[in-house]
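As a plain string of letters, each chain reads:
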Amino acid sequence: MEENSTIQTVPPIVDVGSVVEAVSAEVSDAPLYEIESLCMRCGENGITRFLLTIIPHFRKILLSAFECPHCGERNNEVQFAGEIQPMGCIYVLDVPTGDHKMFTRQVVKSESATIKIPELDFEIPPESQRGSLSTVEGILTRASDALESLQEERKKEAPDTAEAIDAFLVKLRACAAGEMHFTFTLDDPTGNSFIENLNAPSPDPSLIIKFYDRTPEQQAALGYLVDKSKEVGTAKTSLEGSQDITQRLEERLGSVGAKACLRAIAQANNVEIVDALSRYSAPEEVMTFPSTCGACAGNCECRMFVMNIPHFQEVIVMASSCDSCGYRNSEVKPGGRIPEKGKRITVQVKSIKDLSRDVIKSDSSSVEIPELELELTSGTLGGLVTTVEGLITNISESLERVHGFTFGDSLEDARKTKWKEFRAKIDKLILLEEPWSLIIDDPLANSFVAPTTDELKDDTQLSFEEYERSWEQNEELGLNDMDTFSADVAVQN
C-alpha cells in the first residue's frame, strides 16, 4: 500500500521518449516513472516502472520492472544509462572446491555480456539473464532453473536431449553447490560488467581482469555505425599516404623504427602530454594520419611525433580525438629496439618537489608502494605521462572505478571500514605526512622518472636498477618466440 501511494504522487509518464529524457538528466534523486506497455504473454497492457539510480563508484543504471495485472506476468531488468566504456573487459574468476565465499561475490551482467564455464563447455549468452545484478551462486542457480523448467516437455518431444540435459544439470548444480572446481568467465564488449573483488583494494589472486579493443563486429552489435566501404577507402588513403610518412621516418629512425611507428595504434589526446615532454625537448615534426576511434569506430586524426628525452631514450608520442563521439585518450610508445635488460626505478618521496617529478609509465610496467602493501600489475592504467602526484591520483580513481561496490549499501561494515582506511592512507601519501617509496618495475625498460637535479647521479632519492628478465617475463612479452634472423641479415646486407 505504501508503494502504491508513493507511485500515485508522481505524475505518470505515458511515452518512452519522456522517460529517456528524464533519465538523461543529471539528477541525484530521480523519481519513479511509469509507462503503459504491452504484455508479451497475454497481449493486454501492463505497467512498466523505471527508476534511475547510481551504484557508488561504478555506473549509472536504469532499473525497469514490468507487471501485468491481467495474467500476473512479471519481469525486471538492469540497463546501463551511462556511456559505453572505451574498451571491453573480461573477468576470469577461479572458483575452487568448497570455498563458499566465492559464491557470494556480487556480479553485474550487462545486456551485452556473456558468461562462460569452460570446464562444462557452458555459455550464458547476452540474451539470457540480460541486465542482472546477482551473485555467482545466483547466476548459476538461475541458469539451472531455466534449463530445468522445460524438461517435462523435452522428455516428450526429444527424450535423448532431455536425458543429456539432466546429466548436465547434475554437473551445473555441483558447481553451484561448491562441489566442483570451475572457472567463471564474464566477457563484456561494453566494459560495463563487474565481478566483486573480495580482497579490494589489494589484488585478488583468484580474479583476473583484462581489457581489450572491440572488433568491428562487436562495434556493430552494440549499435555503432560501421561503414565497411568507408573503412576500405580509409585503408587505401592510409596506404598511399604512408609511403611519404615512411620515407620521412626512415631518415630519422631507420627502416625498423619507421615500420614500428606506422604500426603503432593511435590512442592519445591532450596538450598536457606535450607540455610535460616539451620540458626536455620540443618535437621537430608532428605527423598526422587517419585512424579509427577506439570507442565508436569512426574516422579520426592521429597526431604523432618522435623525440629524445635526456637520461632516457627515444619515445613516440601519439595524440588523437574523435569529433563524432568526443572520445580522447593519450599514450606514449617506446621507440627503438627492445632493451636487453629490464629496469626497476625507486623514488623516495619526501617533499613537494618529489611529488612534482615527471613520470613516464609504460603499459608494460608494474607499480608498487610498499608502505600501502599495494601492487598494480603490468597493463594497469595503460601508458601514462604524468607526475608522481598524478600517478597516485590515477591509482585511487582507478581502484574506485574498478571495485564498483566500494561504498555501496551491500558492502559489509568491516570491509567498508577497510576501504575508508585505505583511502585515508592514499591521502596521507599526497599530504606527505611521512616519507614513502614508489617503485616502477618495467621489464622492457620503457618507463622513466625525471630527476630533480641537472645530473642524474646527483639525485640521491632516485635510483635505477637493471636486471635480467626471467624466462616467464620474456614469454609473456612474446620475446621467446621472436625470430630476428631475417631482419639481421637484411640490415647487414
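The preceding data block contains the structure.
What this report covers is the structure whose coordinates are included nearby. (Residues numbered from 1 in each chain as written. Predicted model: local features only at pLDDT ≥ 70, side-chain atom pairs only at ≥ 80, totals over all residues. Heavy atoms only, no water.)

**Structural notes on the overall build of the protein chain**
Stage number 1. Within the protein chain, the secondary structure is distributed over 13 helices and 24 strands.
Stage number 2. Residues classed as buried in the protein chain amount to 42% of the 493 residues present. (Helix = DSSP H or I, 4+ residues; strand = E, 2+ residues; numbered from the N terminus. Buried < 20%, exposed > 50% of the residue type's maximum accessible area, 1.4 Å probe, protein only.)

**Quick notes on the nonpolar core**
In summary, soluble globular proteins display a tendency toward joint burial of nonpolar side chains.
Stage number 1. If you look at the biggest cluster of nonpolar residues, it comprises 28 residues, and the most contacted ones within it are L93, F122, L140, L172, F182, F184 and I195.
Stage number 2. Looking at this core, the elements with two or more residues in it are β5 (88-95), β6 (106-109), β7 (114-117), β8 (122-124), α3 (136-148), α5 (159-176), β10 (182-188) and β11 (194-195).
Stage number 3. Ignoring sequence-local partners within four residues, the contact set of L93 consists of M102, R105, V136, F182, T183, F184, I195, S206 and L207. (Core = buried A, V, L, I, M, F, W, Y, C linked by side-chain atoms within 4.5 Å. Contact = heavy atoms within 4.5 Å.)

**Quick word on the sheet that holds β8**
Stage number 1. The strand order across the open sheet built from five strands is β8-β7-β10-β5-β12, with neighbouring strands paired in antiparallel fashion. What marks the edges here is a single partner per strand, and that holds for β8 and β12 (207-212). Neighbour to neighbour, the strand axes of the sheet diverge by 15° on average, direction disregarded.
Stage number 2. Note: β5 against β12, six bridges, orientation antiparallel. By the bridge assignment for β12, G88 is matched with Y212. (Pairing = 2+ DSSP bridges. Axes fitted to C-alpha atoms, helices over the stretch in contact; angles between N-to-C directions.)

**Observations concerning the environment of L374**
Stage number 1. Looking at the element boundaries, L374 is found in strand β20 (residues 374-376).
Stage number 2. In sequence terms L374 and S202 are 172 residues apart; their C-alpha atoms lie 6.2 Å from each other.

**Brief notes about the pattern of salt bridges**
Stage number 1. For the structure shown, the criterion picks out 12 salt bridges.
Stage number 2. Measuring nitrogen to oxygen at the nearest pair gives 3.9 Å for the salt bridge that ties K341 to E468. Of the two residues, K341 is situated in the loop between β16 (328-334) and β17 (342-349) and E468 in the loop between β24 (462-467) and α12 (471-477); the sequence distance between them amounts to 127 residues.
Stage number 3. Owing to a relative accessible area of 35%, K341 belongs among the partly exposed residues under this scheme. (Salt bridge = Lys/Arg side-chain N within 4 Å of Asp/Glu carboxyl O.)

**Considering the sheet that holds β11**
Stage number 1. Taken in spatial order, the three strands line up as β9-β6-β11 in an open sheet, and their pairing is antiparallel. Strand pairing shows two members of the sheet lacking a second neighbour, β9 (132-135) and β11, which therefore form its edges.
Stage number 2. The pairing of β6 with β11 spans two bridges and is classified as antiparallel. Each residue of the ladder has a partner; that of V107, found in β11, is I195.
Stage number 3. Against the sheet, α3 makes contact with β6 and β9, and its axis sits at roughly 110° relative to β9, the strand it touches most.

**Overview of the packing of aromatic side chains**
Stage number 1. A full pass over the atoms with the stated rule returns four aromatic pairs.
Stage number 2. A ring pair is formed by Y91 and F194, whose centres lie 6.3 Å apart and whose planes are at 70°; its orientation type is edge-to-face. Here Y91, found in strand β5, pairs with F194, found in strand β11; they are 103 residues apart in sequence, far enough to count as distant. Accessibility assignment for this pair places Y91 and F194 in one class, buried.
Stage number 3. Residues F448 and F464 carry aromatic rings whose centres are separated by 6.5 Å and whose planes lie at 20° to one another, so their mutual orientation is stacked. Within this pair, whereas F448 is found in strand β23 (residues 448-449), its partner F464 is found in strand β24, the two being separated by 16 residues in sequence.
Stage number 4. Positioned above the aromatic ring of Y467, the side-chain terminus of R344 is 4.7 Å from the ring centre. (Phe/Tyr/Trp six-rings, centres within 6.5 Å; stacked < 30°, edge-to-face > 60°. Lys NZ or Arg CZ within 6 Å of the ring centre and 35° of its normal.)

**Some points on helix α11 (residues 413-431)**
Stage number 1. The terminal C-alpha atoms of α11, which comprises 19 residues, lie 27 Å apart, in line with the 27 Å expected from a rise of 1.5 Å per residue.
Stage number 2. Buried within α11 are the following residues: R415, K416, W419, F422, I426 and L429. Burial along α11 is one-sided: seen end-on, the buried residues are contained in an arc of 130°. Projecting away from the buried face of α11 at angles above 90 degrees are the exposed residues D413, A414, K420 and L431.
Stage number 3. Among the residues trailing α11, L432 stands out with phi positive, at a value near 60°. (Expected span 1.5 Å × (residues − 1). Arc of directions from axis to C-beta.)

**Details of unusual backbone geometry**
Stage number 1. If you check the backbone angles, D121 has positive phi at about 55° while not being a glycine.
Stage number 2. Structurally, D121 is set in the loop between β7 and β8.
Stage number 3. A residue is classified by how much of its surface remains accessible, and D121, at 73% relative accessible area, is exposed.
Stage number 4. Phi is positive for A445, close to 55°, though the residue is something other than glycine.
Stage number 5. Structurally, A445 is set in the loop between β22 (436-442) and β23.

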